[in-house]
Every structure is written in C-alpha cells, then in structure tokens.
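Next come the chains, spelled out residue by residue.
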Amino acid sequence: MKHSWKKIHKHVCQAILAASVALTSLSAMAKADKIELGYPEKEELKFGFIKLTDMAPIAIAYEKGFFEDEGLYVTIEAQANWKVLLDGVIDGRLDGAHMLAGQPIAATIGYGTEAEIITPFSMDLNGNGITVSNDIWRQMKVNIPKMADGRPVHPIKADALKPVVEKYADEGKPFNMGMVFPVSTHNYELRYWLAAGGIHPGYYAPHKGDTSGQLDAEVLLSVTPPPQMPATMEAGTIYGYCVGEPWNQQAVFKGIGVPVVTDYEIWKDNPEKVFGITKQFAEKYPNTTIRLTRALIRAAKWLDENNNANRPEAVKILAQSNYVGADAEVIANSMTGTFEYEKGDKREVPDFNVFFRYNATYPYYSDAIWYLTQMRRWGQIDSDKPDSWYMDVAKKVYRPDIYEKAAQSLIDEKLMSSSDFPTLANEDGFRDPQTHFIDGIVYDGTKPNEYINKFSIGLKAGDKI
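Residues numbered from 1 in each chain as written. Predicted model: local features only at pLDDT ≥ 70, side-chain atom pairs only at ≥ 80, totals over all residues. Heavy atoms only, no water.

Novice: I would appreciate a short explanation of the overall build of the protein chain in the present structure.
Specialist: Tallying secondary structure elements over the protein chain gives 20 helices and 16 strands in all. Relative to the 2.2 N^0.38 estimate, which gives 23 Å for 465 residues, the radius of gyration of the protein chain is 22 Å and therefore close to what a compact globule would have. Principal-axis analysis of the C-alpha atoms places the extent of the protein chain at approximately 75 × 50 × 40 Å. Counting across all 465 residues of the protein chain, residues that qualify as buried make up 58%. Across the protein chain, contacts joining residues at least 24 apart in sequence account for 74% of those joining residues at least 6 apart. Of the roughly 17,400 Å² that the protein chain leaves accessible, carbon and sulfur atoms contribute 51%. Distance from the positive charge centre (50 side chains) to the negative charge centre (61 side chains) of the protein chain: 2 Å. (Helix = DSSP H or I, 4+ residues; strand = E, 2+ residues; numbered from the N terminus. Rg over C-alpha atoms; globule rule 2.2 N^0.38 Å. Buried < 20%, exposed > 50% of the residue type's maximum accessible area, 1.4 Å probe, protein only. Contact = heavy atoms within 4.5 Å. Areas by Shrake-Rupley, 256 points an atom, 1.4 Å probe, with all protein chains shown as cover. Lys, Arg positive; Asp, Glu negative; His and termini not counted. Charge placed at Lys NZ, Arg CZ, Asp CG, Glu CD.)

Now the structure itself:
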C-alpha cells in the first residue's frame, strides 16, 4: 500500500532527514539531556494487522505521513488471524504488528509459541463488547431491570444470562460462545464477565495437554476470527461472542444480535492492543524502533485530539477495504462516541475507543501483570508464581524505556508538548489501584497474588488442575 511518488522521492526525503538528524545532533551537544535521535537503521518496513478499528494508529501514522516524517517507508498488510500475524513477526515476514496484549506476554513465558516479543507502545483502551444472538437476548431480557422508559439498565451483568445457561444445561445442550484467541483480552473479558455473574467459563491445563479451556466449564468458549463472528453466530454455531469493533455493531446492523455489555463497563479504561516487535528487532534497529514509536504516538494523539474531532475522517479511512473494510456507518456507530445496544438503543459512550487520553499509549507494567493474573486464574499458568516473577515477566515484555525516549524526543522537537505526557517525569510503570470493575474488585498491579485470591471463581494460591 505505497503511493508511487514515495519511491520516486525516497532519496530526496532521506537527504532531508539526514540533514535534520545532523542538526538534531549538533543541538543535542548543546543540551545534555536532549534525546539524540539517530538515523533509522532499517527504512523499509512491513506491519501486520487484523481488521479491527483499534488498528487505527497504524493506518493514521501511514495516511498522515507520520511514518514518512521518521524516514520510514511502511507497507501495511491485513493478516488472516492472530496466529498467522504472530508467526509473521517471529519469522521476520513482518517487522511489527497490531497485537493482542496477551500475545507478547504468552510468547515470552512459552505459552503456545515461544519467542521474545516486546512492546514499546500500547495501542488503545477499551473498544470491545459482548454480543448475544437475538434468541438468547429474548431469554436474558426478562431478567434485566428496566429504566422508566423501558430500556434495560446498564451495565448488564452475566447474572441475567445465568438462568439461560442453566436451562440449556438442564436440557443437555452445550452453551457455546466465541472469543478471538486464547490469550486475547476478549477471552479474559468474557471470562471475567461470566465469572462475575456466577458462570464458570472453564480451565486450561496445558501441563496435561489440555488447551481447550473448557475443563469444568458451564459455558464453552472457542476461537473464531473477529470478522467471522457475526456469521458464525448467525449460523447458530455460537450463541454469543466477545470481539472488538466493528463486529458487535455489525450484528446490530444485520439484525442478528444484541451487544449486551462493553468492556468499558466490565473494566473502565482497560488496556487493549499493543504494537509488538521482536526483542531482536529492537536491539538490531534501536533508532528505527524509537522512530516507529514516535509515529504511532503522534497518530494516537491525532485520533483523540480536540474531543475526537478527527474521528469522522478516521472512520472514512478505516472503512477502506485495505484497512477494516466495514461500512463507514457501522464503524462510526462506536468510534464517534456512541454505542448501539439493542436496535435503536444508542447511548453516549465517549470513551468507547480511547487512543491517547488517560496515558493510553504508555506500556504499563501493571497492564502486563493483569494479563498474567488472568492466565494464572484460568490455568494457562499452571502453578503458583511469586509476585516478583510477575514483575520480571512484565519488564521483559513492556518497554517504557523505549516509549519514554520517543515521547521526550517529540517534546524536545516541539512536535508535542510536555502537557501531552503529564506523568512522564515520574512514571514507575504502575497505574494507581483500579476500582472500576463490574464486580467491584480492586486491582493493584504490585500485589498480583493478593488480587488472584480475591475471586470466588478461578484458581487461587495452591490450586492446580
């Protein structure tokens, strides 16, 4: 996806960038604490993504010339599924990719494919939803409190689904739901929501060769690629799913299902995707790594600035077939500050997609540790680990050191302001304890084992399948 003029003018751009780097270096000599940016060691890059709206920072960095500003000539390529995408980064077919936050973490601890993958950039907060079929919605709806105008009270908890699941069990029928990948946020969010409503989503037992995640399950979760979710549910293979946009809103537009809860309601301002590269890439091409991070930070800011004023333009870009390829109207339904649940029940959710606000782009250790706690809770990590282990893994994968260099260099060059990064000077890599979960449980990333032991459903200290 390269414009023809880019190749023609590449060497001119390189000369201009080289002069800029030289001037930057001279300036850096005069100011000891200024971040000195080197020339990118690798200029031609290929990045992968899955067709979801939260790949937007990559598309915007390309379309708005932020990659080119860094001397990077980028090709962007949609991938068939998350495994193909991860394998592409590991084997070098892709230089980096829009990834599930759990993918670099799982690879690093050897769950599934083993590899050293890092992230210098968190791509977004929120952005997912849980959708059920029309038939399941009809059965759930009778269990949900109503507002004065007759609409359901939100957030809708899995308590309303529990009688439906029990009815299916009494009839000897499995209750099937879909998620996008075993180490996806979607898997953990769906499990979190179900368990908070007293429904067991099942355990993994990799040490016994069981990676189904369905041991002791009352609801059977299985993998379906995001763009295939609506059709799989319409065919009756699954009764509901957890996925990113636009595939929840697509169910509304097609009239085949109802989104019942967003991840914003399950965990307010939860971390979502990351940009993943190999550790080897970062070490071999340190300047390139900082420069691609700079481009992504600028794109994220563009997506959120002026109260999302650029979102309508972003929607048009993402609707292109080479990006998400869904109707602009469907993408806009969530990306411009609203979310439609039952057909006609559109509500204001201004933070459904967050790309820069609330330090969204900073790779927090506490975000990585939350994913690890859920891996342990559901058996993907089969035995107890000390708190120090969680911290060590987080530091291997999440790289705020790279992010901070990129951010400071943008401030130094006056491309961005220090006010854009209000906590940069005193970050320790941990968010304050987070309280906005649907079950009211507080998460403190510095105390992972204490957190794991708070849940009524899930493995705790000493438990092993």
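Novice: Honestly, helix 3 (residues 56-63) in this entry has me stumped. Any pointers?
Specialist: Because an α-helix completes one turn every 3.6 residues, residues spaced three or four positions apart along the sequence face the same direction. Counting buried positions along helix 3 gives seven out of eight residues, so the element sits mostly inside the fold. Considered for burial, the residues of helix 3 that qualify are Ala56, Pro57, Ile58, Ala59, Ile60, Ala61 and Tyr62.

Novice: Got a minute to help me understand the pattern of salt bridges in this structure?
Specialist: Note that side chains of opposite charge can pair when their charged atoms are close. Under the defined criterion, the tally for this structure stands at 28 salt bridges. Put simply, Lys279 and Glu116 hold a salt bridge, and the shortest N to O gap is 3.8 Å. A residue pair is termed long-range when its members are at least 10 positions apart, and Lys279 in helix 13 (residues 279-284) and Glu116 in the loop between helix 6 (102-109) and strand 4 (117-122) qualify at 163 residues. Assessed through its relative accessible area of 30%, Lys279 is described here as partly exposed. Classification of Glu116 by relative accessible area gives exposed; the value is 52%. Close ionic contact of Arg151 with Asp149 constitutes a salt bridge, the shortest N to O distance being 2.8 Å. Look at the salt bridges and you will find they share partners, linking Glu70, Arg291, Arg294 and Glu413 into a network. (Salt bridge = Lys/Arg side-chain N within 4 Å of Asp/Glu carboxyl O.)

Novice: Please explain the nonpolar core as it appears in this structure.
Specialist: Nonpolar side chains in soluble globular proteins generally cluster together in the buried interior. Counting 143 residues, the largest nonpolar core has Phe67, Met140, Leu161, Phe175, Met177 and Trp193 as its most contacted members. Residue contributions to this core peak at nine residues, all from helix 14 (residues 286-308). Apart from the residues within four sequence positions on either side, Phe67 is in contact with Phe47, Ile58, Ala61, Tyr62, Leu72, Val74, Leu292, Ala295 and Leu296. (Core = buried A, V, L, I, M, F, W, Y, C linked by side-chain atoms within 4.5 Å.)

Novice: Mind showing me how you'd approach the environment of Pro386 here?
Specialist: By secondary structure assignment, the location of Pro386 is in the loop between helix 17 (365-377) and helix 18 (387-397). Take Pro386: its relative accessible area is 49%, and that puts it in the partly exposed class. Considering only alpha carbons, one finds Pro386 and Pro448, 62 residues apart in sequence, at a separation of 8.6 Å.

Novice: Please clarify how the pairing of strand 9 (residues 210-215) should be interpreted in this entry.
Specialist: Remember that side chains alternate between the two faces of the sheet whenever the strand is regular. Pairing of strand 8 (residues 203-205) with strand 9 involves two bridges; the strand directions are antiparallel. Across the sheet, the residue bridging to Ala205 is Asp210, located in strand 9. Turn length for the strand 8-strand 9 hairpin, with the two strands adjacent in sequence and antiparallel, is four residues, and the turn residue Gly209 shows positive phi of about 80°. (Pairing = 2+ DSSP bridges.)

Novice: Mind showing me how you'd approach the packing of helix 3 against helix 14 here?
Specialist: Any two packed helices are characterised by the angle at which their axes cross and by the distance between the axes. Relative to each other, helix 3 and helix 14 sit at 100°, their axes nearing to 8 Å. One finds that helix 3 runs roughly perpendicular with respect to helix 14. Touching Ala56, Pro57, Ile58, Ile60 and Ala61 of helix 3 are Ala295, Leu296, Ala299, Trp302 and Leu303, all from helix 14. Within the contact of helix 3 with helix 14, the residues separate by chemical class into ten nonpolar, no polar and no charged. (Axes fitted to C-alpha atoms, helices over the stretch in contact; angles between N-to-C directions. Parallel < 35°, antiparallel > 145°, perpendicular 65-115°, else oblique. Nonpolar A, V, L, I, M, F, W, Y, C, P; charged D, E, K, R; others polar.)

Novice: I would appreciate a short explanation of the sheet that holds strand 13 (residues 273-278) in the present structure.
Specialist: The strands that make up a sheet pair up through hydrogen bonds in the backbone, lying either parallel or antiparallel. Strands sit in the order 2-1-3-13-4 across an open sheet of five strands; the sheet is mixed. In this open sheet, the two strands that pair with only one neighbour each are strand 2 (73-78) and strand 4. Adjacent strand axes in the sheet meet at a mean angle of 30° when their direction is disregarded. The pairing of strand 1 (residues 44-49) with strand 2 spans six bridges and is classified as parallel. By the bridge assignment for strand 2, Leu45 is matched with Val74. Across the sheet, helix 5 (residues 82-91) lies against strand 1, strand 3 (96-100), strand 4 and strand 13, angled at about 140° from strand 3, the strand it touches most.

Novice: Is there a simple way to think about the pairing of strand 3 in this case?
Specialist: Most of strand 3 sits inside the fold, with five of its five residues counted as buried. Pairing of strand 1 with strand 3, which is carried by two bridges, proceeds in the parallel orientation. Pairing of Gly48 across the sheet is with Ala97, part of strand 3. Note that strand 3 and strand 13 share four bridges and pair antiparallel. The partner of Met99 across the bridge, within strand 13, is Val274.

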